[in-house]
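Here's the letter readout for the chains.
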There are 2 protein chains.
Amino acid sequence: MIDKVVGSIEEAVGRIPDGASIAVGGFGGAGFPAELVDALSRTDRTGLHIIANGGGGDGYARLAAEHRVRKLSMGFPFGGSWNAEVFSGRIEVEVLPQGTLSERLRAGGAGIAAFYTPTSVGTAISDGTFPKRFDAEGNPIEFVEAKEIREFDGRSYVLERGLRPDFGFVKASKADRLGNLYFRLTSRNFNPSVAMAARCTIVQAQEIVEPGDLDPNEVHVPAVFVDVIVGVPVEAELPRPPRRRSSRVADVDGAPEPIGFSREQLARNIGRDIGEGWFVNLGLGIPLLAANYVGPEKNVTMHMENGLLGAGGSPEVPDPDLTDAGGQPVALRTGASIFDSALSFAIVRAGYLDLTVLGGLQVSAGGDLANWYMPRGQTGVGGAMDLVRGAKRVWVAMEHTDRDGNPKILNECTFTPTGVGVVQRIYTELGVFSLEDGTLELIEVAPGVSVDYIRARTEAPFTVREGADADP
Amino acid sequence: MIDKVVGSIEEAVGRIPDGASIAVGGFGGAGFPAELVDALSRTDRTGLHIIANGGGGDGYARLAAEHRVRKLSMGFPFGGSWNAEVFSGRIEVEVLPQGTLSERLRAGGAGIAAFYTPTSVGTAISDGTFPKRFDAEGNPIEFVEAKEIREFDGRSYVLERGLRPDFGFVKASKADRLGNLYFRLTSRNFNPSVAMAARCTIVQAQEIVEPGDLDPNEVHVPAVFVDVIVGVPVEAELPRPPRRRSSRVADVDGAPEPIGFSREQLARNIGRDIGEGWFVNLGLGIPLLAANYVGPEKNVTMHMENGLLGAGGSPEVPDPDLTDAGGQPVALRTGASIFDSALSFAIVRAGYLDLTVLGGLQVSAGGDLANWYMPRGQTGVGGAMDLVRGAKRVWVAMEHTDRDGNPKILNECTFTPTGVGVVQRIYTELGVFSLEDGTLELIEVAPGVSVDYIRARTEAPFTVREGADADP
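Definitions and limits used
- The residue numbers shown here count from 1 along each chain, following its written sequence.
- Following the order in which they are written, the chains are lettered starting with A and the ligands numbered starting with 1.
- Only residues with pLDDT of 70 or above have their local features reported here, since the model is predicted, and side-chain atom pairs are shown and tallied only from 80 upward, although totals for entire chains, interfaces and linings are computed over all residues.
- Side-chain measures were taken over the full set of non-hydrogen atoms in the model, leaving aside hydrogen atoms and water.
- Strands are runs of DSSP state E lasting at least 2 residues, helices are runs of H or I lasting at least 4, and numbering of each runs from the N terminus.
- What the globule rule says is 2.2 Å times the number of residues to the power 0.38, and the radius of gyration is computed from C-alpha atoms.
- Exposure classes here rest on a 1.4 Å probe applied to the protein chains alone. A residue is buried below 20% of its type maximum, exposed above 50%, and partly exposed in between.
- Whether two residues touch is decided by their heavy atoms; if any such pair falls within 4.5 Å, the residues are in contact.
- Accessible surface area values rest on a Shrake-Rupley calculation with a 1.4 Å probe, where residue burial reflects the displayed protein chains alone.
- A pair of strands is treated as paired once DSSP finds two or more bridges between them.
- Axis lines are fitted to C-alpha atoms, over the contacting stretch for helices. Their N-to-C directions set the angle, which ranges from 0 to 180 degrees.
- Pairs were defined over the aromatic rings of Phe, Tyr and Trp, the Trp ring being its six-membered one, requiring ring centres within 6.5 Å. Orientation was assigned from the angle between planes: stacked under 30 degrees, edge-to-face over 60, tilted for the rest.
- Geometrically, a charge over a ring is one whose NZ (Lys) or CZ (Arg) sits within 6 Å of the ring centre while staying within 35 degrees of the ring normal.
- Throughout, the term roughly parallel applies to angles under 35 degrees, roughly antiparallel to angles over 145, roughly perpendicular to angles from 65 to 115, and oblique to all others.
- The handedness criterion is simple: a crossing whose near helix is rotated anticlockwise from the far helix by less than a right angle is left-handed, and one whose near helix is rotated clockwise is right-handed.
- The nonpolar class holds Ala, Val, Leu, Ile, Met, Phe, Trp, Tyr, Cys and Pro. Asp, Glu, Lys and Arg form the charged class, and all remaining residues, Gly among them, are polar.
- The buried area of a pairing is the accessible area, by a 1.4 Å probe, that goes missing from both parts when the two are put together, added over both.
- Salt bridges, as used here, are contacts in which a Lys or Arg side-chain nitrogen is within 4 Å of a carboxyl oxygen on Asp or Glu.
- Here a polar contact is recorded for every N or O atom pair within 3.5 Å, except that within protein the pair must consist of a potential hydrogen donor and a potential acceptor, and residues adjacent in sequence are included only if both atoms are side-chain atoms.
- Each copy is superposed on the other by least squares, with the fit set by C-alpha atoms of residues at a pLDDT of at least 70 in both.
- A crossover gets the label right-handed when its path from the first strand over the helix to the second runs clockwise, viewed with the strands pointing away from the viewer.

### Side note on the overall build of chain A
Each helix and strand in chain A was counted, giving 13 helices and 26 strands. Taken over C-alpha atoms, the radius of gyration comes to 22 Å for chain A, in line with the 23 Å a tight globule of 472 residues would show. Projected onto the principal axes, the alpha-carbon positions of chain A cover approximately 75 × 50 × 45 Å. Relative to its full complement of 472 residues, chain A shows a buried share of 65%. Once local pairs closer than 6 in sequence are excluded, the contacts in chain A between residues at least 24 apart make up 68%. Looking at chain A as shown, the accessible area adds up to about 16100 Å², and 48% of this sits on carbon and sulfur atoms.

### What to know about the sheet that holds strand β24 (residues 431-436) of chain B
As a general point, the strands of a sheet are linked pairwise by backbone hydrogen bonds and lie either parallel or antiparallel. Residue and element names in this part refer to chain B. Reading across the sheet, the 10 strands line up as β17-β16-β15-β14-β18-β21-β23-β24-β25-β26 and stay open at both edges, with mixed pairing between neighbours. Taken across any chain shown, the strands that pair with only one partner, and hence form the sheet edges, are β17 (332-338) and β26 (463-464). Here strand β18 (residues 355-358) pairs with strand β21 (residues 394-397) via three bridges, running parallel. The partner of Leu358 across the bridge, within β21, is Val396. Each of β18, β21, β23 (425-427) and β25 (439-445) touches helix α9 (residues 263-273); the most contacted strand, β23, lies at about 145° to it.

### Concerning the packing of aromatic side chains
The full count for this structure, using the stated rule, is 33 aromatic pairs over all chains. With a centroid separation of 6.2 Å and 80° between ring planes, the pair formed by Phe78 of chain B and Phe134 of chain B is classed as edge-to-face. Note that Phe78 of chain B is positioned in the loop between β3 (69-76) and α4 (83-86) and Phe134 of chain B in strand β6 (residues 131-134), a separation of 56 residues in sequence. The pair formed by Phe78 of chain B and Phe134 of chain B is uniform in burial state, with each residue classed as buried. Aromatic side chains Trp372 of chain B and Tyr373 of chain B sit 5.3 Å apart centroid to centroid with 45° between the ring planes, which places their arrangement in the tilted category. The burial state of Trp372 of chain B is the same as that of Tyr373 of chain B; both residues are buried. Its end group placed over the ring of Trp395 of chain A, Arg425 of chain A keeps NZ or CZ at 5.2 Å from the ring centre. Its end group placed over the ring of Tyr453 of chain A, Arg457 of chain A keeps NZ or CZ at 3.5 Å from the ring centre.

### Here we look at the packing of helix α5 (residues 98-108) of chain A against helix α11 (residues 341-349) of chain A
Residue and element names in this part refer to chain A. At a closest axis distance of 9 Å, the pairing of α5 and α11 adopts a crossing angle of 125°. Classified by the angle their axes make, α5 and α11 are oblique. Crossing of α5 over α11 shows left-handed handedness. The segment α5 lies against α11, with Gln98, Gly99, Thr100, Ser102, Glu103 and Arg106 engaging Ser341, Ala342, Phe345 and Arg349. Split by residue class, the contact of α5 with α11 holds two nonpolar, five polar and three charged.

### Description of the interface of chain A and chain B
Facing the 65 residues of chain A at the interface are 65 residues of chain B. Where chain A abuts chain B, roughly 4900 Å² becomes buried across the two surfaces, and 55% of that area is made up of carbon and sulfur atoms. When the buried area of chain A at its contact with chain B is split by residue, Asn217, Val224 and Tyr352 of chain A rank highest and sum to 15% of it. Viewed at the interface, chain B and chain A are joined by six salt bridges. Among the salt bridges present, the one from Arg106 of chain B reaches Glu103 of chain A, with a minimum N-O distance of 2.5 Å. The interface formed by chain A and chain B includes 41 residue pairs in polar contact (both at pLDDT 80 or more). Contributions of two or more residues to the side of chain A that touches chain B are made by α5, β5 (114-117), β8 (149-152), β9 (155-161), α7 (191-197), β17 (332-338) and α11 of chain A. Grouping the constituent residues of the side of chain A that touches chain B by class yields 39 nonpolar, 13 polar and 13 charged. The pairing of β5 of chain A with strand β5 (residues 114-117) of chain B spans three bridges and is classified as antiparallel. Looking at the pairing, Phe115 of chain A lines up with Phe115 of chain B of β5 of chain B.

### Let's talk about unusual backbone geometry
Residues and elements named next belong to chain A. Residue Asn299 is not a glycine yet carries a positive backbone phi of 55°. Structurally, Asn299 can be placed in the loop between α10 (286-289) and β15 (301-304). Taking the relative accessible area as the measure of exposure, Asn299 reaches 23% and is therefore partly exposed.

### What to know about the relation of the copies chain A and chain B
For these two chains of identical sequence, chain A goes onto chain B by a turn of 180° and a shift of 0.0 Å along the axis, with RMSD 0.0 Å. The two molecules are tied by a two-fold rotation axis, judged by turn and shift. The rotation axis passes nearest to the C-alpha of Phe115 of chain A in chain A, at a distance of 2.0 Å. Looking at the interface residues of chain A, 100% of them are also at the interface in chain B, so both copies use one shared face.

### Looking at the pattern of salt bridges
Taken as a whole and assessed by the stated rule, the structure comprises 52 salt bridges over all chains. For Arg150 of chain B, the salt bridge goes to Glu148 of chain A, with nearest N and O atoms at 2.5 Å. Here Arg150 of chain B, found in strand β8 (residues 149-152), pairs with Glu148 of chain A, found in the loop between β7 (140-143) and β8, and the two come from separate chains. A residue is classified by how much of its surface remains accessible, and Arg150 of chain B, at 24% relative accessible area, is partly exposed. A network of salt bridges, in which partner residues are shared, links Lys71, Glu92, Glu94, Arg104, Arg133, Glu142, Lys147 and Glu160 of chain A.

### With respect to the environment of Thr301 of chain B
Residue and element names in this part refer to chain B. Along the polypeptide, Thr301 turns up in strand β15 (residues 301-304). When the C-alpha atoms of Thr301 and Asn281 are compared, they prove to be 8.6 Å apart, with 20 residues separating the residues in sequence. Setting aside chain neighbours within four positions, we find Thr301 in contact with Trp278, Phe279, Val280, Leu309 and Gly310.

### Brief notes about the pairing of strand β9 (residues 155-161) of chain B
Consecutive side chains along a regular strand alternate between the two faces of the sheet. Residue and element names in this part refer to chain B. Pairing geometry for β5 and β9, over four bridges, is antiparallel. Directly across from Phe115, in β9, lies its bridge partner Glu160. For β8 and β9, the ladder comprises four bridges, and the chain directions are antiparallel. When the bridges of β9 are listed, Phe152 appears paired with Arg155. Following β8, the chain reverses through two residues before pairing antiparallel with β9; Asp153 in that reversal takes a positive phi of roughly 50°.

### Concerning the sheet that holds strand β22 (residues 409-410) of chain A
Residues and elements named next belong to chain A. Pairing is mixed across the open sheet formed by three strands, whose spatial order is β20-β19-β22. A single partner strand is all that each edge strand has here, and the edge strands are β20 (369-370) and β22. The pairing of strand β19 (residues 362-364) with β22 spans two bridges and is parallel. Paired with Ser364 across the two strands is Leu410, which belongs to β22.

### Some thoughts on the packing of helix α2 (residues 34-41) of chain A against helix α3 (residues 58-65) of chain A
All names here are of chain A. Relative to each other, α2 and α3 sit at 25°, their axes nearing to 7 Å. Considered as vectors, α2 and α3 are oriented roughly parallel to each other. Crossing angle aside, the handedness with which α2 passes α3 is left-handed. Counting all contacts with α2, which are made through Val37, Asp38, Leu40 and Ser41, the residues of α3 involved are Asp58, Gly59, Tyr60, Arg62 and Leu63.

### Focus on the pairing of strand β2 (residues 48-52) of chain A
Residue and element names in this part refer to chain A. Burial of β2 is extensive: five of the five residues sit out of reach of the surface. The alternating pattern of β2 places Leu48, Ile50 and Ala52 on one face and His49 and Ile51 on the opposite face, and all of these are buried. Both strand β1 (residues 21-24) and β2 contribute to a ladder of four bridges, which runs parallel. The partner of Ala23 across the bridge, within β2, is Ile51. The parallel pair β1 and β2 is bridged by α2, and the resulting crossover is right-handed. Across five bridges, β2 lies against strand β3 (residues 69-74) in parallel orientation. If you follow His49 over to β3, its bridge partner there is Lys71.

### Quick word on the side chain of Arg104 of chain B
Residue and element names in this part refer to chain B. Relative to the elements of secondary structure, Arg104 occurs in helix α5 (residues 98-108). At a separation of 3.0 Å, a polar atom in the side chain of Arg104 contacts the side chain of Glu94. Non-local contacts of Arg104, meaning those with residues more than four positions away in its chain, are made with Glu94, Leu96, Phe115, Glu160, Arg161, Gly162 and Leu163.

What follows is the structure, given as structure tokens:
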């Protein structure tokens, strides 16, 4: 037997040279190989390129503080310990929509040089206008390259390259000594794609078992993709990075004005409009609240970007390996299924979701949505760009105005768009708008609110559906 | 609960209209939804487009005999009941290398419009010279379109489109009523990719279980991809199509001349040269025999195209759900793993196999291999085109001359190539050749054979390594 298990985590990361590119699994705390990142941070390796969904935790903080990372390719490259590096010009940034990240890794690991994805069409991620380097004032000083756009069957797609990082960090629930891996629940997420893509895959396993102990039919990553294994039992794990809602800007706006629909009523409006049997992805914040207002008789299935169909609200007993797309503990409905991030975004991109509801910073009269980035208020793109191009319906739930009282429904978005011409409905505390055939129409007015009141807080012109302001 | 189970197989296939495209899972008999194909054949639907690895069994035979198929997209479109249709001009043929078939389905099911694969570069499949329609004399009368070739990092790739067939036929070991699927052993193969790609996926399940009976962590296909389920218990299944070695032409050549290495010695030569710890794919025929001559101390892992690492020879008790790439029952080594066809060819294309050994019809001095098609001796391409472009080493095992005594090691191949400049070694009953830097070198001569004897049977000029003809 070729035993891939090494004796220490220092040995596991010891072969990584300066300048290496390293893809890292995990989605929030679940499946995140924190101990490998931590061990790497205790070496003197520098000039690193980190490819991952996000970058929280102490190991990354040390790498950032010691200026040892040259480039971040991430869904969430902003925030926390990275900002000082990013907004100083020291780090190059590549913003990767989650589905593009997982698919680029999976493609690299499948020998596919490049592929055409609908995600990010019409946005700064693909048209060359997003910064890749900022100065100390946060001003862009270099920009990403524009990507090739090509039409297939009348729809536009972006050419993305397969990724082959030098190393991959993976956290597995179980590994046999040959390198076959098994992941519990949503700890799978990006880990299989990382293992496929990396030229040298280093695994930290909560449990190391003997060959034959894993059912061949239930191996999630075959041994051929794995090079080095180190045991890090649960009891030796560092505290996981705090599980918190990633702060999409829409969620940190001020509280809604005390008129119109309450947050709960707004969520109820969405829940009421969700159709029977739909597969639905709800963004963090108000959208996720809508899940509380979809009765079981509707047979709606909730999708989570991290690799879950059949999410079912807060669990009685939290399991760190079972979290939603915001990193919060989640329960499973009967009939749920779990898969990796590549499959999760396959479901998104291929149009299998009937609906996504997202938070919004701005929506334009033409259906453009901006919800992931504004200068100095950076968060990260997450799965939003994949969702707006993939789901059959895109609804936005947001406060009607920003915390300064400025309209968020505009003639044109001033923030960089998440998607262009994608929004079909807008739910705010003041009412509900429909966007069809380029027409913005107010279809429901909150009790106690006048159409004039809404007009005064809406930049874009809109029509009013007959009966929209009838009390429900 | 939205219960997707219907009461009869007639109802399951009843919604298929004339002209539909239908992707069908299965690899040989394992995972092949024979009863769905049979039920389709009992309808009057016509003008069908079948997308599958192969097309054996009674249902296809009826569809062919009744001229109800307009197009075949297959790894093995020739042979059996199809030849009368194909070689009459009635059916359009699209030859799909197995890895391209699985990846095109997976891409379609992942919202990827198109991708660049290394498979089929330099061959008639991509350069527009392979026929898509033949006349009654077997002469080509129409040709496939040339595909776009593009270079990435100095290597050439072919642009292939994602597939979205109208319908998918899938055979699952277990399905819950919501549509979550589980596959036993190598019955998984193409089925998950078919389910992802098809706009309407129809599943025949050996066992129907209640939601919650499948472990969410071990669902192979989530319910979102499934539309209709019909129960076909094992005891109600038709006899599976005869499991036979698919007849690559190289295997039906005449017996080796009674001089030089025997088949067993030839296989032993290959086994001897396989390196320690290698991941190896052995083609049918002589190559597969080599597995018998690789000692366990070498820790070699055998890969099978249908989705298996750790194949281990003939089993004590055959299981129809556990077969090798030739459809024969196979055993599992300790530490084996099973996966779907898309992942199987990801392993191939991304360069994770250290070696493939294939049969050959012809090999040129420049390392071109022809092993899948010759006029009137058509078989099918299977996984060979993926393997020759993906594996780190490509060795060929074949008889030195064809059954008429003509050389098979040529200046140029006259048959359509499987791959160009890909072969590094040739094993025949007369000796072993190395092909490096464009030089064909005889490195080992069989006992009792002279170099002159070999030269007389080899068209391409070759050098002789010092000591090559020393008795071993």
